[in-house]
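Read off the chains here:
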Amino acid sequence: MPPSVPSLPRRVARTLRTSLFAQVLCALGLGILVGKLWPDTATALQPLGDGFTRLIKTVISPLVFCVVVVGIAKAGDLKAFGRIGVKALIWFEVASTAALVIGLVAANVVGPGKGMNVDPASLDAAAVDQTTGGGHLPSTTEFALNALPESFVGAFAENELLQVLILACLMGAALLHLGHTRVPKILPAIDQAQEVIFTVVGFIMRLAPLAVFGAMAHLVGNYGLGVMKTYAKLIVLCYVAAALFVLLLAVALRMVTGLSLWKFLRYIREEMLLALGTASTESVMPRVMQKLRRAGARDDAVGLVLPTGYSFNLDGASLYLSIGTLFIAQAVGVDLSLGQQITVVLVLMLTSKGMAGIPGSAFLALSATASSLGAIPAGAVALLLGVDRIMDSMRVVTNLLGNCVAVFAVSRWEGALDIERARKTLDGEDTSDPDDELDGSGDGGDVDAPAAVSPAPGIPTQKPKEPAPEVS
């Protein structure tokens, strides 16, 4: 007798039980429904999303530290690590500038704020101060100084990724200098700590659907769906411009590496949906690091490029800021000249680099840009208060894809990308090791550096690991 085919309800139940993507997708839809039907109750669900993000943030700094230290030690070449950093910064600057230019061109062509004829005096400028908490964007000097750690523990306690990266680079360089004979137990200990952290991430990821449900219910309950009608032209323009930029990323990735961005999107669909639901790229950073390593990018490239991109490569934010600046000017009847628009690009190239981790940073950057031009009333920034949260999805997707493409491109540029492994992984072929785990459910994840990478001089290769028990 032919084997019986499970009924549709059983197949659906099995998919929901085993697929994080399906769980998050259902949570997303349920959150929108609850936010629409019971807005008062929905606004109280925000702690679900915030709690998940806080849990993920606790492991990001130690994870980045371990990945970078082990990556440098295994690569055995500090100069190569320096080259990766320089090439990453070049790529980030080119990508961010392209995003700014695309945003300005799109806003000039469409004119999302034309015809609004808003009186700046009628806007509540104090609402912007309340959103930003009276903060300010750091100057270039402050930004550079803030990247230097004041204490080893403080960098981890305050989750300052740039400071953690610097500490990791120093630690990796020290391991290379001392070699195995003087510190034989340090590298294995850090490598094992990395495995423990990835396992913790797997445990936390089980809460992802709950986090997406709470975050989306709060968003819809607090802001409603009506705001999308009021700002429809601006919202559509931002998302279309983001789609054009993603298309540019796809072309760049194909030209540099020969890989398909669409296959990569399918590969990280769970992480992308989770980032959309929580409006945070930090919530998926650990898993994305794992998947990039599995897809053939070397440990040191992933460990340096991806975390640095969180501060230097905010492509989605750059798009939004350029479009937002012209939207505000058009809404209050200010016609910016070509020279003033070039000034906008130059100012945003600087201010966007200090945005990461600052509350209300988009409004601070917009206010700084308006002040530098002298033609747009600073209070006009309040026009975007009602729509800013709706733009999070666009910024999150564009930022995340921009950083992932940067990892592949810089890795290929430096010869730190296993192209054959990347193609097989994106095609859905199993390239994982027996003890790989992504989310604690045995569907792949942690991958050591490609075998072609030789260990540092004086640091022996590790013994093969025993298969780790699967967490059910």
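As the structure is a computational prediction, the values presented were derived from the model and not from experiment.

J.: Tell me about the overall build of the protein, residues and numbers included.
T.: A tally of helices and strands in the protein yields 22 helices and zero strands. Evaluated residue by residue, the protein yields a buried proportion of 52% over its 472 residues. Partitioning the contacts of the protein with sequence separation of at least 6, the portion at a separation of at least 24 is 83%. For the protein, the accessible area works out to roughly 21,000 Å², and carbon and sulfur atoms hold 63% of it.

J.: A description of a nonpolar patch on the surface should follow, citing residues and the corresponding values.
T.: Side chains of Val236, Val240, Leu244, Leu247, Val251, Met255, Val256 and Trp262 sit close together on the surface and give an oily, nonpolar patch of about 770 Å² of accessible area. With seven residues, the single largest contributor to the nonpolar patch is helix H13 (residues 232–257). Mapped onto the elements, Val236 comes out in helix H13.

J.: Requested: an account of the pattern of salt bridges, with residues and values cited.
T.: Scanning all chains against the criterion turns up nine salt bridges. For Glu414, the salt bridge is made with Arg83, and the minimal N-O distance between the two is 2.7 Å. Of this pair, Glu414 sits in helix H21 (residues 392–414) while Arg83 is found in helix H5 (residues 78–110), placing the two residues 331 residues apart along the sequence. Glu414 gets classed as buried once you look at its relative accessible area, which sits at 13%.

J.: Just give me the short version of the packing of aromatic side chains, but keep the residues and values in it.
T.: One pass over the structure, following the stated rule, counts five aromatic pairs. For the ring pair Phe152 and Phe156, a centre distance of 5.5 Å and an interplane angle of 35° mean the geometry is tilted. Of the two residues, Phe152 and Phe156 both sit in helix H8 (residues 152–157), four residues apart, roughly one turn of that helix. When its relative accessible area of 41% is taken as the criterion, Phe152 is described as partly exposed. Relative accessible area serves as the criterion here: at 22%, Phe156 is assigned to the partly exposed category. With a centroid separation of 6.2 Å and an interplanar angle of 50°, the aromatic rings of Phe264 and Tyr267 are classed as tilted. Pair noted here: Phe264 and Tyr267 are both in helix H14 (residues 261–267), with a separation of three residues, about one helical turn. Like Tyr267, Phe264 is buried. Three or more aromatic residues link up through ring pairs in this structure, and these residues are Phe65, Phe152 and Phe156.

J.: Can you lay out the packing of H5 against helix H18 (residues 315–331) for me, pointing to particular residues and giving the numbers?
T.: As a packed pair, H5 and H18 sit with axes 8 Å apart at the nearest point and diverge in direction by 30°. The orientation of H5 with respect to H18, classified from their angle, is roughly parallel. Remark: the crossing between H5 and H18 carries right-handed chirality. Two secondary-structure elements touch here, H5 through Ala95, Ser96, Ala99, Leu100, Ile102, Gly103, Leu104, Ala107 and Asn108 and H18 through Asp315, Ser318, Leu319, Ser322, Ile323, Leu326 and Gln330. A breakdown of the residues in the contact of H5 with H18 according to their chemical character gives nine nonpolar, six polar and one charged.

J.: Any chance you could break down the environment of Thr97 for me, citing the residues and the numbers?
T.: Summarising the element assignment, Thr97 is placed in helix H5. A C-alpha to C-alpha distance of 7.5 Å links Thr97 and Val345, two positions 248 residues apart in sequence.

J.: So what's going on with the confidence of the model for the protein? Residues and values would help.
T.: For residues with low pLDDT, the predicted coordinates do not support detailed interpretation. Looking at the protein, pLDDT values average 78 and 77% of them are 70 or higher. Taken together, the stretch residues 439–472 has pLDDT below 50 and engages in 80 contacts with residues farther than four places along the chain or on a different chain.

J.: Provide a residue-level description of the nonpolar core, including the pertinent values.
T.: In this structure, Val64, Trp91, Leu234, Leu261, Phe264 and Leu292 are the most contacted members of the largest nonpolar core, which totals 135 residues. Among the elements that make up this core, the one with the highest residue count is helix H4 (residues 46–75) (14 residues). When neighbours within four sequence positions are excluded, Leu261 is seen to be in contact with Val246, Leu249, Ala250, Leu253, Leu401 and Val405.

J.: Go over helix H2 (residues 20–37), please, and point to the residues and values.
T.: Taking 1.5 Å of rise per residue, the 18 residues of H2 would be expected to cover 26 Å, and the 26 Å separating its terminal C-alpha atoms lies within 8% of that figure. Residues of H2 that are buried include every one of Leu20, Ala22, Val24, Ala27, Leu28, Gly31, Val34 and Gly35, and no others.

J.: So what's going on with the side chain of Glu271? Residues and values would help.
T.: Following the sequence through the fold, Glu271 ends up in helix H15 (residues 269–278). On the accessibility criterion, Glu271 (1% relative accessible area) is buried. Discounting residues that sit within four places of it in the chain, Glu271 has contacts with Val284, Arg287, Val288 and Lys291.

What counts, and where the lines are drawn
- Throughout this description, residue numbers start from 1 for each chain and increase along the sequence as written.
- Predicted model: local features are reported for residues with pLDDT of at least 70 only, side-chain atom pairs are reported and counted for 80 or more only, and whole-chain, interface and lining totals are derived from all residues.
- To get the side-chain values, all heavy atoms of the structure are used, and hydrogens and water are removed first.
- By definition, any uninterrupted DSSP run of H or I lasting at least four residues is a helix, any uninterrupted run of E lasting at least two residues is a strand, and each is numbered from the N terminus.
- In this scheme, a residue with accessible area under 20% of its type's maximum is buried, one over 50% is exposed, and one in between is partly exposed, where area comes from a 1.4 Å probe on protein chains only.
- Note on definitions: a residue-residue contact is assigned when non-hydrogen atoms from the two residues lie within 4.5 Å.
- Residue-level accessible areas treat just the shown protein chains as cover; the underlying method is Shrake-Rupley with a 1.4 Å probe.
- Residues qualify for a patch when their relative accessible area is over 30% and they have no salt bridge, like charges being joined within 9 Å and the nonpolar side chains of Val, Leu, Ile, Met, Phe, Trp and Tyr within 5 Å.
- Every case where a carboxyl oxygen of Asp or Glu lies within 4 Å of a side-chain nitrogen of Lys or Arg is listed as a salt bridge.
- Two aromatic rings, drawn from Phe, Tyr or Trp (for Trp, its six-membered ring), form a pair once their centres lie within 6.5 Å of each other, and the interplanar angle then sorts them: stacked below 30 degrees, edge-to-face above 60, tilted otherwise.
- Structural elements are reduced to axes, namely lines fitted to C-alpha atoms, with helices fitted over the stretch in contact, and the angle between N-to-C directions of any two is expressed from 0 to 180 degrees.
- By the definition adopted for this analysis, an angle is roughly parallel if under 35 degrees, roughly antiparallel if over 145, roughly perpendicular if from 65 to 115, and oblique otherwise.
- In this scheme the crossing of two helices becomes right-handed for a clockwise turn of the near helix relative to the far one and left-handed for an anticlockwise turn of less than a right angle.
- Residue classes follow a fixed rule: Ala, Val, Leu, Ile, Met, Phe, Trp, Tyr, Cys and Pro count as nonpolar, while Asp, Glu, Lys and Arg count as charged, and any other residue, Gly among them, counts as polar.
- Note: pLDDT gives the predictor's confidence per residue, expressed from 0 to 100.
- The nonpolar core is taken to be a set of buried Ala, Val, Leu, Ile, Met, Phe, Trp, Tyr and Cys residues, with the residues joined through side-chain atoms within 4.5 Å.
- Multiplying one less than the number of residues by 1.5 Å gives the expected span of a helix.

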